[in-house]
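As a plain string of letters, each chain reads:
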Protein chains: 2
Amino acid sequence: MELDERKLKILQAVIKTYLETGEPVGSRTISKMPDLNLSSATIRNEMADLEELGYIIQPHTSAGRIPSDAGYRLYVDQMMAEKALKREEEEERQEEHDALLAKVDRLEHLLQQVAKVLAYNTNYATMVTAPNYKNTKVKFIQLSQVDEQQLLAVIVVEGNVIKNKMIKVEEPLANDELLKFNVLLNSFLTGLSLQEINLELIQTMKQQAGMHAVLLEHIFEGVMDAVRSAEELEVYTSGANNILKYPELGDANKASELLEVLEEKKALNQLIESTGDDADNQYGIQVYIGDETPIQTMNDCSLVTATYELEEGVRGKIGIIGPKRMDYDKVVTTLKNLTNELDTIFKNKT
Amino acid sequence: MELDERKLKILQAVIKTYLETGEPVGSRTISKMPDLNLSSATIRNEMADLEELGYIIQPHTSAGRIPSDAGYRLYVDQMMAEKALKREEEEERQEEHDALLAKVDRLEHLLQQVAKVLAYNTNYATMVTAPNYKNTKVKFIQLSQVDEQQLLAVIVVEGNVIKNKMIKVEEPLANDELLKFNVLLNSFLTGLSLQEINLELIQTMKQQAGMHAVLLEHIFEGVMDAVRSAEELEVYTSGANNILKYPELGDANKASELLEVLEEKKALNQLIESTGDDADNQYGIQVYIGDETPIQTMNDCSLVTATYELEEGVRGKIGIIGPKRMDYDKVVTTLKNLTNELDTIFKNKT
DNA sequence: TGTTAGCACTCGAATTGGTTGAGTGCTAAC
DNA sequence: GTTAGCACTCAACCAATTCGAGTGCTAACA
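Numbering of residues begins from 1 in every chain and follows the order in which that chain's sequence is written. Whichever chain is written first is A, and whichever ligand is written first is 1; the rest continue in order. Since the coordinates come from a predicted model, pLDDT governs what is reported: local features require at least 70, and pairs of side-chain atoms require 80 or more to be given and counted, while whole-chain, interface and lining totals use all residues. As a rule here, side-chain values come from all non-hydrogen atoms in the structure, and water together with hydrogens is ignored.

Student: Talk me through the overall build of chain A; I want residue IDs and the actual numbers.
Tutor: Looking only at helices and strands, one finds 13 helices and 10 strands in chain A. Relative to its 350 residues, chain A shows a buried fraction of 51%. Residue contacts follow a heavy-atom distance rule, with two residues in contact if any of their heavy atoms lie within 4.5 Å. In chain A, the share of contacts with a sequence separation of at least 24, taken over all contacts with a separation of at least 6, comes to 60%. As presented, chain A carries roughly 17000 Å² of accessible surface, and 48% of it is formed by carbon and sulfur atoms. Numbering of helices and strands starts at the N terminus; helices are DSSP runs of H or I of at least 4 residues and strands are runs of E of at least 2. Exposed residues in this analysis have more than 50% of their type's maximum accessible area, buried residues have under 20%, and partly exposed residues fall in between, with area computed by a 1.4 Å probe over protein chains only. Every accessible area reported is derived by Shrake-Rupley at a probe size of 1.4 Å, with residue values counting cover from the shown protein chains alone.

Here is the structure:
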């Protein structure tokens, strides 16, 4: 059996109405559509075929049909393909800037705000990861004496992300020693990516410095800590409550598990990092349906991810989590516009 | 009518069993308790009285009784009074340290961890506010040249909380100018509390400095920004999913509203700041039942707050949100132990 | 006077049975 | 290949019924 033109049309009709209503779709509903002029009986035959092909499912004998994961998949693929064609015409129309985003300054706040706005606009749960700094380079590094017993290490990496670390010392450093340290640190580390700063390098630095070893050790440890904390990926979430708005997810147990995942930043990070590369399609937008999602808890959900770029090579991800019957079209469009908007914001800023 | 000894006992029995079961408590259940030897009929009479006094409620004619807010109130007050008496004996027994908290270093992470552990231990939703820095003093302040067009302002306040701010400049400052600035800033601002740094002060500083006004303006603005951002209160939440575990809150609408509040940090802050001062009782623990909670959305919940002290005068709050029939005893004990533990951690640390 | 046994009563919750109607699959005719 | 028609299925809904936990009240008892 083949999926001919007509079957496809019927399938799309089923899915579309199911997305709208959330209830199983019967043959009569479809037959009444003006688009394709067929009796309910014919539709029934076709629907039986579609079920055999695995695109739709009957919850019970005397009910209408709902899309299977495979059905959604087909639908989404189709949609994405269409979007790819329409691309040029639309490109110009997305000028309206979101006032909510414009005035935010600090990256953390911006990303949190992005998650919030997105959740508000789509009515789904959202998450935004901070960009991965591993590939960014150290721009500036500085030790200062805060008080008798404490040094402060400040590290700025490209993208103007700032990390701080307090370092305890037994006794204050002399001014010229501090200066020496700063010169040393800067000359060695500036321009390196965080990835390239490793123990080996530190060793050679130590040899070069040739100063009181214990103190040195301590300070380097602190600096390394700061570097490491810059690598830590932050995740911002919003709209968790939206999950409860969809009855198919709203049962207390499932919803509770989902919420738990949304709180568990590590899991989230893994989740969103395990989604494929943006190279897969021209918008960097990917759709995971049901079992395709990387986490078991989300098997009743769909996940749509997009990639934004803070600057060359420094990327973060945006994710939207909703029921399988989410409004894929709207979500994809919104994400597309949003990433564009972020692009312009970042390009003007940095 | 009076609330005599026996009535009180019965009331407590009703509340206790209701806390455990979550279902209306009938007269027979109480009469079977070994503690007070009375027939169900007598209990019924007493319960009728208790209802008239407003301590318990009958959901419908042929059901048992559940506590009213007033009933809970009485129960909690009683409990707190008892705890106050038992205080000394217990004091020594709370030595077991929570391994999960010991190794955390940065304050943000520690507080987040506190929220998490607390949520895990109690099965309620939790929130922890970062301490209020308004009263803390500036310890250290520094401007550095990061690159051609950017200055970095770093401010450290007591409690070792660090704030950063990037400041754009048209052209790089000369080294001696920068030095001058730093001296100026430090001499004026160090030792002041964040509250005391205001426009007036800035004005006098400007006059003193007497340099190119525009640049100055810019820099001060940046510094002020950093100061302001230090004032911003952070709130860490955890265990939001626990809300769904209690049927009386689990209906989709209410739960959704609650979750929304938990996400809205500003609202949370207001909420927890509006709770009274810790002076009210010796543990700094307060219980808000039903309508007593400061937010309408929480009228079906109870809120228990505690205060911790990072150092003299620098305090934050911890809140636990659960159903009205939460296990007050456990919650209060847990909070008491936790604040003690935090005390020892902070005293060893700083 | 306080306590208790007994009893009629109430009312939500659970069970049952019947009805409805949306939807199906199949067959036969067009 | 399409469609009208028909028998069939089954969740959803509703009403009637039962069940039982719990009540309030009264009368008897200590």
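Here the narrative resumes.
Student: Could you give me a rundown of the pattern of salt bridges, with the residues and numbers involved?
Tutor: The rule for a salt bridge is simple: a side-chain nitrogen of Lys or Arg has to be within 4 Å of a carboxyl oxygen of Asp or Glu. Using the criterion set out here, one finds 28 salt bridges over all chains in the structure. Where A:Glu264 meets B:Lys116, a salt bridge forms, and the shortest distance between an N and an O atom there is 3.3 Å. Placement of the pair is A:Glu264 in the loop between α11 (252-263) and α12 (265-274) and B:Lys116 in helix α6 (residues 107-122), with the two residues belonging to separate chains. Among the residues examined, B:Lys116 registers a relative accessible area of 34% and is labelled partly exposed. For B:Arg73, the salt bridge identified is with B:Asp77, shortest N-O distance 3.5 Å.

Student: Could you give an account of the packing of helix α1 (residues 5-21) of chain B against helix α3 (residues 40-53) of chain B, naming the residues involved and the relevant values?
Tutor: All names here are of chain B. Between α1 and α3, the shortest axis-to-axis distance is 10 Å and the interhelical angle comes to 90°. Classified by the angle their axes make, α1 and α3 are roughly perpendicular. For the pair α1 and α3, contact is made by Arg-6, Lys-7, Ile-10 and Leu-11 and by Thr-42, Ile-43, Glu-46, Met-47, Asp-49, Leu-50 and Leu-53, respectively. Classes in brief: Ala, Val, Leu, Ile, Met, Phe, Trp, Tyr, Cys and Pro nonpolar; Asp, Glu, Lys and Arg charged; the others, Gly included, polar. Here the contact of α1 with α3 is built from residues that sort into six nonpolar, one polar and four charged. Between N-to-C directions, angles span 0 to 180 degrees; the directions come from axes that are lines fitted to C-alpha atoms, helices contributing only their stretch in contact. Our angle categories are set so that under 35 degrees counts as roughly parallel, over 145 as roughly antiparallel, 65 to 115 as roughly perpendicular, and the remainder as oblique.

Student: Outline the packing of aromatic side chains, supporting the account with residue identities and numerical values.
Tutor: Residues and elements named next belong to chain B. Ring pairs are drawn from Phe, Tyr and Trp, using the six-membered ring of Trp, whenever the two centres fall within 6.5 Å, and their geometry is named by plane angle: stacked under 30 degrees, edge-to-face over 60, tilted for the rest. Summed over the entire model, instances satisfying the criterion amount to six aromatic pairs over all chains. Residues Tyr-72 and Tyr-328 carry aromatic rings whose centres are separated by 6.1 Å and whose planes lie at 55° to one another, so their mutual orientation is tilted. Of this pair, Tyr-72 sits in helix α4 (residues 69-91) while Tyr-328 sits in helix α13 (residues 328-349); the two residues are 256 residues apart in sequence, bridging distant segments of the chain. Its relative accessible area of 0% is what places Tyr-328 among the buried residues. With a centroid separation of 6.0 Å and an interplanar angle of 35°, the aromatic rings of Tyr-308 and Phe-346 are classed as tilted. In this pair, Tyr-308 is assigned in strand β9 (residues 301-311) and Phe-346 in helix α13, connecting sequence segments 38 residues apart. In this pair, the class of Tyr-308 matches that of Phe-346, namely buried.

Student: Help me get a handle on the protein's contact with DNA strand D, residues and values and all.
Tutor: A:Arg6, A:Thr42, A:Ser62, B:Ser27 and B:Arg44 are the nearest of the 20 residues found near DNA strand D. Proximity is defined per residue: any heavy atom of the residue falling within 4 Å of a molecule or strand makes that residue near it. Taking the atoms of DNA strand D that fall within 4 Å of the protein, sugar and phosphate contribute 67% of them. Polar contact criterion, stated in full: a pair of N or O atoms within 3.5 Å, where within protein one must be able to donate a hydrogen and the other to accept it, and residues adjacent in sequence count only if both atoms are side-chain atoms. Taking A:Ser39, its main chain carries an N or O atom lying 3.3 Å from a phosphate oxygen of DNA strand D. Within the side chain of B:Arg65, one N or O atom sits 3.1 Å away from a phosphate oxygen of DNA strand D. The set of elements that each furnish at least two residues to the surface near DNA strand D consists of α3 (40-53) of chain A together with α3 of chain B. In terms of residue count, α3(A) provides more of the surface near DNA strand D than any other element does, four residues in total. Considered class by class, the residues forming the surface near DNA strand D number four nonpolar, 12 polar and four charged.

Student: Explain the protein's contact with DNA strand C residue by residue, including any values.
Tutor: Inspection of the region around DNA strand C gives 21 residues, with A:Ser27, A:Arg65, B:Arg6, B:Thr42 and B:Ser62 positioned closest. Those atoms of DNA strand C that come within 4 Å of the protein belong to sugar or phosphate at a rate of 73%. In the model, a base oxygen of DNA strand C is placed 3.2 Å from a nitrogen or oxygen of the B:Arg44 side chain. Tallied by class, residues from the surface near DNA strand C come to four nonpolar, 13 polar and four charged.

Student: Describe helix α1 (residues 5-21) of chain A, listing the residues and the values that go with them.
Tutor: Residues and elements named next belong to chain A. The span you would expect from a helix comes to 1.5 Å times its residue count less one. Relative to the 24 Å expected for 17 residues at 1.5 Å per residue, α1 spans 24 Å between its end C-alpha atoms, a close match to the ideal helical length. Among all positions of α1, only Lys-7, Ile-10, Leu-11, Ala-13, Val-14, Ile-15, Thr-17, Tyr-18 and Leu-19 are buried. Phi turns positive one or two residues past the end of α1, at Gly-22, with a value near 80°.

Student: Explain the interface of chain A and chain B to me, and be specific about the residues and the numbers.
Tutor: Taken together, the 37 residues of chain A in the interface contact 38 residues of chain B. Of the roughly 2900 Å² buried where chain A meets chain B, counting both sides, 50% is carbon and sulfur surface. Summed over both partners, the accessible area (1.4 Å probe) lost when two parts come together is defined as the buried area. Sorting the residues of chain A by area buried against chain B places A:Asn241, A:Leu244 and A:Glu263 first, and these three jointly supply 18% of that buried surface. Viewed at the interface, chain B and chain A are joined by four salt bridges. Here B:Asp147 ties to A:Lys139 by a salt bridge, and the two come within 3.3 Å at their closest N and O atoms. The interface formed by chain A and chain B contains 16 residue pairs in polar contact (both at pLDDT 80 or more). Those elements that provide at least two residues to the side of chain A that touches chain B are α6 (107-122), β4 (138-147), β5 (150-157), β6 (161-168) and α11 of chain A. Per-element tally for the side of chain A that touches chain B: the top contributor is β4(A), with seven residues. In terms of residue class, the side of chain A that touches chain B is made up of 12 nonpolar, 12 polar and 13 charged.

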